[in-house]
Amino acid sequence: MAAGAAHLTHPESRAAFPPPPLDARPIDRDAWIAAFRTVRDETERRAAPLSPEDQQIQSMEDASPTKWHRAHTTWFFEQFLLREHLPGYAIYDERLHYLFNSYYVQAGPRQPRFMRGMITRPTTAETAAYRAHVDRAVTVWLRETSDAALERALPILEIGLYHEQQHQELMFTDLLHAFAQNPLDPVYDPAWSMPTAQANAGKAALERGIARIGHAGQGFAFDNESPEHDVLMLGTTIDRGLVTNRDWLAFMADGGYARPELWLNEGWLCVQRDGWEAPGYWRRESDGWSTMSLAGRRTVDADAPVTHVSYFEADAYARWAGRDLPTEAEWEVAARDGLIDDAFGLVWQWTRSAYGPYPGYRPVAGALGEYNGKFMSSQYVLRGSSVATPDGHARPGYRNFFYPHQRWQFTGLRLADARG
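Small disclaimer: the values here were computed from a predicted structure and weren't measured.

The positions UniProt marks with the feature "domain: Sulfatase-modifying factor enzyme-like" (unreviewed entry) are residues 209–339. With 29% helix and 21% strand, residues 209–339 has end C-alpha atoms that lie 17 Å from one another.

Here is the structure:
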């Protein structure tokens, strides 16, 4: 429950990550080593304020213990980089590959997800030793491998860095969910706060016509962001600002959680089954509402963007407001063209779009092809980034995705108008 650092990432980390483009010549080994160390150190910095007990807890199946995140990201580099591209590398402990594989079926069997909190051994100290071992091996490989071998394997290193950044965000959101179950309202960092929104009113017009979205080939992107392709824009307007807690309180005051006509059927079942009457982590107090944060329990800030809402809630709110959610194409065009405020760094934003493959999508070969493609079912796309997203990880084309009932992430929304 001790205080953490006041900032989510070190200011100097921005200079070291992201690393230089893979098509840069010659390859800058020192820059890649710096990028690797920056990302790995950020994981440890986020975990540092936590006790071993804090790092052990798994509060629900969707979340994972901090210790598991630290070990799994290490397993990723050992499994996909070192054992495949460092001749003579000796696996640190074969038993850990069962414990810390996540969902890579082609990489072998794994501990069931809902049982990750049962892994009391290795200890947090032993997990740190595992991380240090792999860190040394990757650094040696970066310094000593041949140029040809380095060029072949750098894409694996690069995806590993972005993969670890995803887990850094999950470390915060999973920990927040665990702390929210504790009646003591534990504090991770008393100095933590949501950044101030720009809060610009008004709408931006998105013209009808053909637009091009998706990864154009410059810089890093996950495979689900490709290929670049044409989409038909039907023409609409999109809000410059995010929906705020003040807006959401008006929805609640108008009976938003008690009006079945506003809800998709499955969403209404969640309202009834789970007793939803407010966003996640909100609690009714004698003088209003409070919410759980990484700084402990705080009074709801009416001017802050609403967060910890599910797709079902976002959809119901849009219907109540007589508006709609933007499609992911509309959001990407608006963000790319600078038409919206607070696109990044506050909350992920739900879109109207189901998560599926772009035309011509092909997953990468091998076990890494399981990274995104096999989850293209029954989920919705979110765009932007959140307060918990590490520096260097956000871009207009990024496609995040979650199931429509999930709300433990920093998820919010902005609205659009009818098309055509």
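On we go.
That bond from R121 to P122 is cis: its omega, 10°, falls within 30 degrees of zero. Mapped onto the secondary structure, P122 falls in the loop between α5 (95–100) and α6 (124–144). Even without being glycine, D342 reaches a positive phi, approximately 55°. Counting through the fold element by element, D342 comes out in the loop between α11 (328–336) and β8 (348–354). Assessed through its relative accessible area of 9%, D342 is described here as buried. In this structure, S378 is a non-glycine residue whose phi angle is positive, near 65°. Checked against the element boundaries, S378 lands in the loop between β8 and β9 (380–384).

So, about the UniProt feature "domain: DinB-like" (unreviewed entry) in the chain. Under the present numbering, the feature "domain: DinB-like" (unreviewed entry) in UniProt falls on residues 35–170. As annotated, residues 35–170 has a helix share of 65% and a strand share of 0%, and its two end C-alpha atoms lie 20 Å apart.

On to the sheet that holds strand β11 (residues 411–412), then. As a general point, the strands of a sheet are linked pairwise by backbone hydrogen bonds and lie either parallel or antiparallel. The mixed open sheet is built from four strands, whose spatial order is β10-β9-β8-β11. Here the strands that pair on one side only, and so sit at the sheet edges, are β10 (400–402) and β11. Relative to β11, β8 is paired through two bridges, and the arrangement is parallel. Its bridge partner lying in β11, Q349 is registered against G412. Across the sheet, helix α10 (residues 311–320) lies against β8 and β9, angled at about 80° from β8, the strand it touches most. Along the sheet face, α11 touches β8 and β9 and points at about 5° away from the line of β9.

Quick notes on the rules
- Residues numbered from 1 in each chain as written.
- Predicted model: local features only at pLDDT ≥ 70, side-chain atom pairs only at ≥ 80, totals over all residues.
- Heavy atoms only, no water.
- UniProt positions renumbered as here; feature names shortened; annotations may be inferred.
- Helix = DSSP H or I, 4+ residues; strand = E, 2+ residues; numbered from the N terminus.
- Buried < 20%, exposed > 50% of the residue type's maximum accessible area, 1.4 Å probe, protein only.
- Pairing = 2+ DSSP bridges.
- Contact = heavy atoms within 4.5 Å.
- Axes fitted to C-alpha atoms, helices over the stretch in contact; angles between N-to-C directions.

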